[in-house]
Amino acid sequence: MTRTSSRRIRFAAVLGAVSALALAGCSSSGSSGSGGVGFVTGKGGIATAGPAKRVAAPDVTGTSLDGSGTLKLSDYRGKVVVLNIWGSWCSPCRAEAKGLQEASEKYGDRVQFLGINTRDTDPANAVAFEKNFGVTYPSIYDPDGAEILKFPKGSLNPQSIPTTIVVDQEGRLAARAMRAMSTEDLQAMVDPVLAESK
């Protein structure tokens, strides 16, 4: 197999997986039921894993949406991180944007918010989205969804857009919601993980 055909096959696989994510998501309905090993889905479709059951988050890495440099999830080790997977084309992402920004301001330095922007072929659309909703926390630009596919299957991995994931201070997947989040819902995900560090 040539290098070019290998690249095409890999690109087709990534494209297919991202398309499946988009079809599964971008709706305001929540996902419920438990599945996966070591986590349970509670009220409101929020899935959580206790400290002993958590798996390591992948070190998602990429160029910042504003082009200012490289962002890596591992750079925030030692902090609770709220990871939000979004696209400017996604109406539930628009619905939750202001609440996420308000929460990021409320938590301040105690919690790092980090976005992963996906399926925006032109970053200008995503930059306009952030400006329109006043989003100030950074986002990784991941148009083909390659960084999203790094999450281990059967874990608290993203399966729809939007998905919000809480990563604990040790870099492990602690909670996930696969729907648009209100500020109150987000607090219910973040506060227990934040309390572990006290």
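Below: a short report on this structure. All values derive from a computational prediction rather than experimental measurement.

Attention shifts here to the packing of aromatic side chains. Evaluated as defined, the whole model comprises three aromatic pairs. Here the aromatic rings of phenylalanine 113 and tyrosine 137 are separated by 5.6 Å at their centres, their planes lie at 45°, and the arrangement is tilted. Pair noted here: phenylalanine 113 is in strand 6 (residues 111-118) and tyrosine 137 is in the loop between helix 3 (123-133) and strand 7 (139-142), with a separation of 24 residues, a long-range link. On the accessibility criterion, phenylalanine 113 (3% relative accessible area) is buried.

So, about the pattern of salt bridges. Applying the stated criterion across every chain, the model contains seven salt bridges. Linking arginine 54 and glutamate 196 is a salt bridge whose minimum nitrogen-to-oxygen distance equals 2.7 Å. Pair noted here: arginine 54 is in the loop between strand 2 (46-48) and strand 3 (61-63) and glutamate 196 is in the segment after helix 4 (183-195), with a separation of 142 residues, a long-range link. For glutamate 196, a relative accessible area of 40% corresponds to the partly exposed category. A salt bridge links arginine 179 to aspartate 185, with the shortest nitrogen-to-oxygen separation between them at 3.0 Å. Look at the salt bridges and you will find they share partners, linking Arg54, Asp168, Glu170, Arg172 and Glu196 into a network.

Quick look at the packing of helix 2 (residues 91-107) against helix 4 now. For the pair helix 2 and helix 4, interaxial distance at closest approach is 10 Å and the crossing angle is 35°. Remark: the crossing between helix 2 and helix 4 carries right-handed chirality. Taking contact as the criterion, the partners of Gly99, Leu100, Glu102, Ala103, Lys106 and Tyr107 in helix 2 are, on helix 4, Thr183, Leu186, Gln187, Val190, Asp191 and Leu194. For the contact of helix 2 with helix 4, the residue count by class is six nonpolar, three polar and three charged.

Let us look at the side chain of serine 139. Within the secondary structure, serine 139 sits in strand 7. In terms of polar contacts, serine 139 uses its side chain to reach the side chain of glutamate 130, at 3.4 Å. Once residues within four sequence positions are removed from consideration, serine 139 is found in contact with Thr63, Ser64, Leu65, Leu71, Trp86, Gly115, Ile116 and Glu130.

Before going further, it helps to examine the environment of valine 82. Within the element layout of this structure, valine 82 appears in strand 5 (residues 80-86). Look at valine 82 and you get buried, because its relative accessible area is 1%. Remark: the alpha-carbon pair of valine 82 and phenylalanine 113, spanning 31 residues in sequence, is separated by 4.7 Å.

Rules behind the numbers
- Residues numbered from 1 in each chain as written.
- Predicted model: local features only at pLDDT ≥ 70, side-chain atom pairs only at ≥ 80, totals over all residues.
- Heavy atoms only, no water.
- Phe/Tyr/Trp six-rings, centres within 6.5 Å; stacked < 30°, edge-to-face > 60°.
- Helix = DSSP H or I, 4+ residues; strand = E, 2+ residues; numbered from the N terminus.
- Buried < 20%, exposed > 50% of the residue type's maximum accessible area, 1.4 Å probe, protein only.
- Salt bridge = Lys/Arg side-chain N within 4 Å of Asp/Glu carboxyl O.
- Axes fitted to C-alpha atoms, helices over the stretch in contact; angles between N-to-C directions.
- Left-handed = near helix turned anticlockwise from the far one by under 90°.
- Contact = heavy atoms within 4.5 Å.
- Nonpolar A, V, L, I, M, F, W, Y, C, P; charged D, E, K, R; others polar.
- Polar contact = N/O pair within 3.5 Å; in protein donor to acceptor, adjacent residues only side chain to side chain.

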